[in-house]
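Commentary on secondary and tertiary structure
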Amino acid sequence: MRKVVSIDGTWLKGKYNGVLLVASAQDENYHQYHLAWGIVDVECTSSWSWFLTKLLKVVPDEDELVIISDMHQGIINAVSTVYRNAHHGHCTWHLSQNMKTRCKKKGATKMFFYKRNEFDIAYNEFRNRYPEAAQYLDERDSLDRLTRAYCPKTRYNIMMTNGVESINARLLEERKLPIIALLDSLQKLASSWFARYRHASIASNTNLTPTIEGILRSMFTDAQGMQVFELRRLEFDVRSRGHSAIMDLESKRCTCRVFDIDRIPCAHAIAASWLAKIDLYEMCSEYYSTMSWCMAYSETVYPVPEENEWPSNINFPLVLPPLLEKGVGRRKQNRIPSIGEFSKR
Ligand SMILES: [Zn+2]
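Owing to the predicted nature of the structure, the values given are computational and were not obtained by experimental measurement.

**Considerations on unusual backbone geometry**
One non-glycine residue with positive phi stands out, namely Leu234, at about 65 degrees. Here Leu234 shows up in the loop between strand E6 (227-232) and strand E7 (235-240). Unusually for a residue other than glycine, Lys277 sits at a positive phi of about 55 degrees. Turning to its location among the elements, Lys277 is positioned in the loop between helix H11 (267-276) and helix H12 (280-283).

Put into structure tokens, the structure is as follows:
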């Protein structure tokens, strides 16, 4: 699986509040693939450090890894301590929300450029229009965190953290449940996703996953009108509508940078591969193969067994409810009356 992990937190709505932390990757067919959940009292450096230390057991800290999150200082501190080798990039959706609330400006979300010169032009224009917003970003972050054009590692198409949103959409009521019941719901959700995508991946009869096949087909259309000139063996000048791109099929790099970053052949690569008689599927990253997709869902997510089936030699620590500050106002939620209250009626 592509080594880009997004991490995010969402408030729980139960009696003890708390925050659900989620780490997810993106599967070979561009769906969210949840790697870990954790429940903490609040988002801060120590809670994120605890969560990331646990995550480290399944996602090793390595040079190729990119972690994406919002700009929460607790996350920034924890990632820099626990994942020292990974690159930490920021979620563009959260960035846009920050711009709206702090600087009352829109337009800072255009971080999707592949080419640095195109990003520079757009960013300078943004800087001229909204100098205080640009200053806010300059003081907090470097460009390699904000945009994939300057990201030193491969970030692929992954610009936002969507893991929490997919859980929020599916578990609206469950977020009000006590922790154990919530974790059971998360397990059921993961099991159902695994079952659905296991069926879908086994039923797929194409070399690449359906989403990537669709992207390649749209690139085919763009590639048909292009002119290709050989510069040297496996290097081509590919021209279209007055634009030129230099495509190197050997290193799988193109000056448009789409092939370099997404690892899916761009239209220039497709046009050049037709001339060079190279199989397109060989140029596409193994991360998008149907075989890899099948492997992602080959395991099973089992429910936790009944308590009487647990090993007897485990010493469980006593976990007390967190200390809570009482909120202002009355709880709006209806509750079930106790037996004593019933008898008074
Ligand atoms: Zn290209």
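From this point, things continue past the structure.
**Some remarks on helix H4 (residues 116-129)**
In this model H4 runs 20 Å from its N-terminal to its C-terminal C-alpha over 14 residues, within 8% of the 20 Å that 1.5 Å per residue would give. Turning to H4, its buried residues number three or more, namely Phe119, Tyr123 and Phe126. End-on view of H4: buried residues confined to an arc of 55 degrees, all on one side of the axis. Away from its buried face, by an angle of more than 90 degrees, H4 presents the exposed residues Ile121, Asn128 and Arg129.

**Examining the packing of aromatic side chains**
Scanning the entire structure with this criterion turns up 13 aromatic pairs. Relative to Phe126, the ring of Tyr123 has its centre 5.9 Å away and its plane inclined at 20 degrees; by these criteria the two rings are stacked. Residue Tyr123 and its partner Phe126 are both found in helix H4; the two are separated by three residues, about one turn of the helix. For the pair formed by Tyr123 and Phe126, the shared burial category is buried. Plain terms: the ring middles of Tyr156 and Tyr287 are 6.2 Å apart, the flat faces sit at 85 degrees to each other, and that makes the pair edge-to-face. Linking Tyr156 in the loop between helix H6 (143-146) and helix H7 (163-170) with Tyr287 in the loop between H12 and helix H13 (290-296), this pair joins segments that are 131 residues apart in sequence. Taken together, the ring pairs in this structure connect Phe113, Phe119, Tyr123, Phe126, Tyr130 and Tyr150 into an aromatic cluster. The positively charged end of Arg148 is found above the aromatic ring belonging to Tyr114, 4.0 Å away from the centroid.

**Some words on the coordination of the zinc ion**
Taken together, the protein donors to the zinc ion comprise Cys254 (SG), Cys256 (SG), Cys266 (SG) and His268 (ND1), at separations of 2.2 to 2.3 Å. What the four donor atoms of the zinc ion show is an angle range of 104 to 113 degrees at the metal, which sorts the shape as tetrahedral.

Parameters and conventions
Residues numbered from 1 in each chain as written. Predicted model: local features only at pLDDT ≥ 70, side-chain atom pairs only at ≥ 80, totals over all residues. Heavy atoms only, no water. Helix = DSSP H or I, 4+ residues; strand = E, 2+ residues; numbered from the N terminus. Expected span 1.5 Å × (residues − 1). Buried < 20%, exposed > 50% of the residue type's maximum accessible area, 1.4 Å probe, protein only. Arc of directions from axis to C-beta. Phe/Tyr/Trp six-rings, centres within 6.5 Å; stacked < 30°, edge-to-face > 60°. Lys NZ or Arg CZ within 6 Å of the ring centre and 35° of its normal. Donors = N, O, S within 2.8 Å, 3.2 Å for Na, K, Ca; no water. Tetrahedral: all angles 85-135°; square planar, octahedral: opposite > 155°, others 65-115°.

In short, the description is geometric, and any link to function would need to be established separately.
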